[in-house]
Structure formats: C-alpha cells, structure tokens
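# Residue-level structure breakdown
One-letter residues, chain by chain:
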Amino acid sequence: MATTTAGSAQRRDNVRVKEYTFLWEGTDRNNRQVRGETKAASEAVVRTNLRRQGIRITKLKRQAFRGGRSVNEKDITFFTRQFATMLRAGVPLLQAFEIVARGHSNARFSRLMMDLKNKVESGSSMSQAFREYPQHFDDLYCNLVAAGEASGTLDAILDRLATYKEKILAIKSKIKSAMFYPLSVISVAIIVTFIIMIFVIPAFKQVFSSFGANLPFATLVVMGISDFFVAWWWFIFLVAAGSGIGVSMLYKRSAPFRYTCQRLSLKIPVIGGILEKACLARWTRTLQTMFAAGVPLVEGLDAVAGAAGNAVFAAGTRRIQTEVATGVSLTNAMTNVDLFPSMVLQMTQIGEESGSLDQMLGKIADFYEREVDDAVAALSSLLEPLIIVFLGVVIGGLVVAMYLPIFKLGQVV
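All of the points below concern the structure found in this document. (Residues numbered from 1 in each chain as written. Predicted model: local features only at pLDDT ≥ 70, side-chain atom pairs only at ≥ 80, totals over all residues. Heavy atoms only, no water.)

## Description of the packing of helix H13 (residues 311-325) against helix H14 (residues 330-337)
To keep things clear, this is the line we draw: Throughout, an axis means a line fitted to C-alpha atoms (over the contacting stretch in the case of helices), and angles, computed between N-to-C directions, take values from 0 to 180 degrees. Per the convention used, a helix needs a DSSP run of H or I reaching at least four residues, while a strand needs a run of E reaching at least two, with both numbered from the N terminus. Each angle gets one of four labels, with under 35 degrees taken as roughly parallel, over 145 as roughly antiparallel, 65 to 115 as roughly perpendicular, and the rest as oblique. Put simply, a crossing is left-handed when the front helix is turned counterclockwise from the back one by less than a right angle, and right-handed when it is turned clockwise. Two residues qualify as a contact provided that any one of their heavy atoms is within 4.5 Å of a heavy atom in the partner residue.
Where H13 contacts H14, the two axes come as close as 9 Å, and the packing angle between them is 140 degrees. Classified by the angle their axes make, H13 and H14 are oblique. Crossing geometry of H13 relative to H14 is assigned as right-handed. Contact residues: Gly316, Arg319, Ile320, Glu323 and Val324 in H13; Leu330, Asn332, Ala333, Met334, Asn336 and Val337 in H14.

What follows is the structure, given as structure tokens:
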C-alpha cells in the first residue's frame, strides 16, 4: 500500500502543470503603486502568492498569446538587434525582454521572449536560457552570448551578432530571390502545359477527326502525348507528388544523400558559382565573428561547421578543425581540404602572420558578399531571355502544332 501511494505521488510530481503569464497591478504595504507579471497555473495562485507578499491587487489579467506564425530567422535577427540597442542604452535585462515581447506582432515570438525572461529571472544565464531553444538559437549564437557574459561585453557581442545575422540573412534573401523567379515561371509553364494537354488538345482532336485528311507529324505527336495525359493524369500526379515527398524526406534524413545533392549543386553552371560564393561569404563571416568575440579557434570552427549552410563545407570545416587541434596552422588546414580559392588562402595567411585574422576574414566576407550581389544581378538579366525562349518553345510549340492542320486546310481550300 505504501508503495502504491509513493508511486502515485511520484506520478503526480511528474505531471507538468500548465502555467500562464498574469499581469498585475496593486499597492504594497507602504501604499506604493507596484506592478509586474507572474507565471502561475491559475489566477487564484497569483492572488495567494501576492497576498503573502503584502500586495493588495487592484488589477489582474492573464496575458494572452494566441495563434501567430512560427518564429523564423528574421524574428531572431530583429530581436538581436533590438536587444543589443537596449542594452547599450542601459535598459535592464529583464525589462528589455518584456519590451521586445510587447513590441512584436507575432504571438509565438512574444511567448518565446516571455519564457526566456522567466528563465533568466529564475536564475539562469542568458546563454543557458537560449540553449533550451536550439531550434531558434544555434551553438554559434549561444557560444557568443556565453562569451559576452563571461567578459562583461554582452551588448557589444550582441551588436556584432546582430550585424552578422543581418548580413547572413541578406545573402540568403538574395539567393532565394534569384531562384524564385525562374522556379515560379517554370511551375506556371508546367501547370499551363498540363491544362492544355488535358482540356484544350482533346477539343482540337475532335475537330480534326472530321477533316478526313492526314495530320502533320508534329500534331500527331502532341495528340499522342495528350492521350497519355488524359488516360494517366492521376498516375503522373501520384508519381510527381511521391517523388517530391520522397526526395524531400530523403534529403532531410539521409546525410550522404544531402551531401551528394549539395556537392552537385556547387557544380551547376552559373548557379553553382553563386552558391559557392555565398558559402565562402558565410564561412568567413561566421569565423570572423567568432574569432573577434574571443572564442578559441578550435571551438569557433565547430560553430562554423554548423553554420556553413552546405554539407561539403561543413565536412571540410570539421577536417580543418581536427588538423588545427593537432597544431596545423589554419591556412595549411584550409589548403588541405581543397575548397578555398587561392585569394582566400593568401589573405588568411597574411592575417595569421600579422595577427589580424578577424580583419582579413571580414574583408574576404565583404568581397564575396559583393560578388554574390553582382552574380545575382547578372543571373537575373541572363534568365529573362532564357525564360522567354523556354516559354516560346514549350507553349508556342504546342500552339503551332495544333494550328498546323488549320493552316493546311486553308491552303487546300
């Protein structure tokens, strides 16, 4: 019986009670107006706790964080910049969390900020609180914050971190914008072709069947493809959807498959060059940020591997980290992985020899960020005529193939 009672008590202890955030106002024992917020399971618990502290409540309400979209990298960048600015201005740490939470329109982000504030208020350091949310704060972010807390330069570290995230976000945005236009046009062309094959060409086929004449070869080919689409449209849809879902799941779960895809992506004409320059910019910018913050090189390389954004560069960075840990210079280790252009290697060597590695890495990152800008602009101007030609060949070819019999009939008449 005692065992059963103890087991029941243990199960009750393991049950996690859902807590809510309550905002309250009132007066203390000296009749001074006070306000604050408390996290508790119910309103009655809040009233009881405040009454024990001698606070007479005049206003109490539960803070609602309903709905909201998921927290993305842009939200974290916004938080980092705003938080760094407030700490530089002398705003207390807990109050800064509260200001950021109340000033954002995304309810999930506000809830995240209040959870972080409660953890810090309960005695955790900022870096410890951030590490409990790895989906939002990676090792690089947490390591830099920990370095700032240890050195007493948290505001400067956050400012440097905000600049880093803004630059990385800008590179990602440029890559996405360069890919969005051609992918959207190709997707629309595929949908339009599908509609023409299933609905438009069968109508033409019924008209041509009454001609009683031989149809041009191009028209026969298009009509044959249309018959296949009409008969097997569901199979084509299932194969396309299944292939997309299968490749996506394999890409997420299989490291060798992801490595192969990202290695091949670097070899795609024109686009591969942009991706490589973006990786180099991100790699050097990340290492520069870690090194300038005083993080040891070996530990910094561990964070750089996670932030590389490409499995090929991540694997190369781990090899560099292993060699640097055994006493090899950074330049020699980078040379051995055969991933970096000679310009990067030479500037890194100069930085190591002169003791200004962070400055050299920053100059390399600036150079490749400008290269990405120029390459994306050139790609955009190159893609426009190519897309026009693609649409002309696909859509225009279908239209011409179906109108050839009409032209032939006009010549006979």
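## A closer look at the pattern of salt bridges
Selection rule: When a carboxyl oxygen of Asp or Glu is within 4 Å of a side-chain nitrogen of Lys or Arg, the pair counts as a salt bridge.
Taken as a whole and assessed by the stated rule, the structure comprises ten salt bridges. Taking the shortest distance from any N to any O, the salt bridge between lysine 172 and glutamate 73 comes out at 3.0 Å. Pair noted here: lysine 172 is in helix H8 (residues 154-208) and glutamate 73 is in helix H3 (residues 73-88), with a separation of 99 residues, a long-range link. With a shortest N-O distance of 3.1 Å, glutamate 369 and arginine 285 are connected by a salt bridge. Of this pair, glutamate 369 sits in helix H16 (residues 357-412) while arginine 285 sits in helix H11 (residues 271-292), placing them 84 residues apart in sequence. The network of salt bridges with shared partners includes Arg81, Asp159 and Glu166.

## A look at the environment of isoleucine 171
Structurally, the position occupied by isoleucine 171 is in helix H8. The spacing of isoleucine 171 and arginine 282 is 111 residues in sequence and 8.2 Å in space, taken between C-alpha atoms. Excluding residues that lie within four positions of it along the chain, isoleucine 171 makes contacts with Ala278, Ala281 and Glu369.

## Focus: H11
Where we set the bar: For a helix, the expected span equals 1.5 Å multiplied by the residue count minus one.
For H11, which comprises 22 residues, the first-to-last C-alpha distance of 32 Å matches the rise-based estimate of 32 Å (1.5 Å per residue) to within 8%. Glycine 294 sits one or two residues past H11 and shows a positive phi near 90 degrees.

## Topic: the side chain of threonine 289
Rule in force here: Think of it in three bands: with a 1.4 Å probe and only protein chains considered, a residue is buried below 20% of the maximum accessible area for its type, exposed above 50%, and partly exposed in between. Under the rule applied, a polar contact is a pair of N or O atoms within 3.5 Å (in protein, one hydrogen donor and one hydrogen acceptor; residues adjacent in sequence only if both atoms are side-chain atoms).
Mapped onto the fold, threonine 289 is located in helix H11. Judged by relative accessible area, which is 2%, threonine 289 ranks as buried. Among the polar contacts made by the side chain of threonine 289, one reaches the main-chain carbonyl oxygen of arginine 285 at a distance of 2.8 Å.

## Examining helix H9 (residues 217-253)
Here is the rule: The bend reported for a residue corresponds to the angle between axes fitted to the seven residues ending at that residue and the seven starting there.
Across its 37 residues, H9 extends only 47 Å between first and last C-alpha, which sits more than 12% below the 54 Å expected from 1.5 Å per residue. Where H9 bends most, the angle comes to about 80 degrees, and this point is tryptophan 232. Within the span of H9, buried status applies to Thr219, Val222, Met223, Ser226 and Phe229.

## A word on the environment of valine 328
One can find valine 328 in the loop between H13 and H14. Separated by 130 residues in sequence, valine 328 and isoleucine 198 have C-alpha atoms that sit 64 Å apart. With residues near it in sequence (within four places) discarded, valine 328 still touches Glu323 and Ala333.

## Focus on the nonpolar core
Test applied: As used here, the term nonpolar core means buried Ala, Val, Leu, Ile, Met, Phe, Trp, Tyr and Cys residues forming a set that is joined through side-chain atoms within 4.5 Å.
Counting residues in each nonpolar core, the largest one holds 40 residues, and the members touching the most others are Trp283, Leu287, Phe313, Ile320, Leu330, Met334 and Phe340. Only H8, H11, helix H12 (297-306), H13, H14, helix H15 (342-354) and H16 provide two or more residues apiece to this core. Among the elements that make up this core, the one with the highest residue count is H16 (eleven residues). Residues contacting methionine 334, with those up to four places away along its chain left out, are Trp283, Ile320, Leu339, Phe340, Val344, Leu345 and Thr348. Counting 38 residues, the second-largest nonpolar core is a separate cluster that includes Leu87, Leu112, Leu140 and Leu154.

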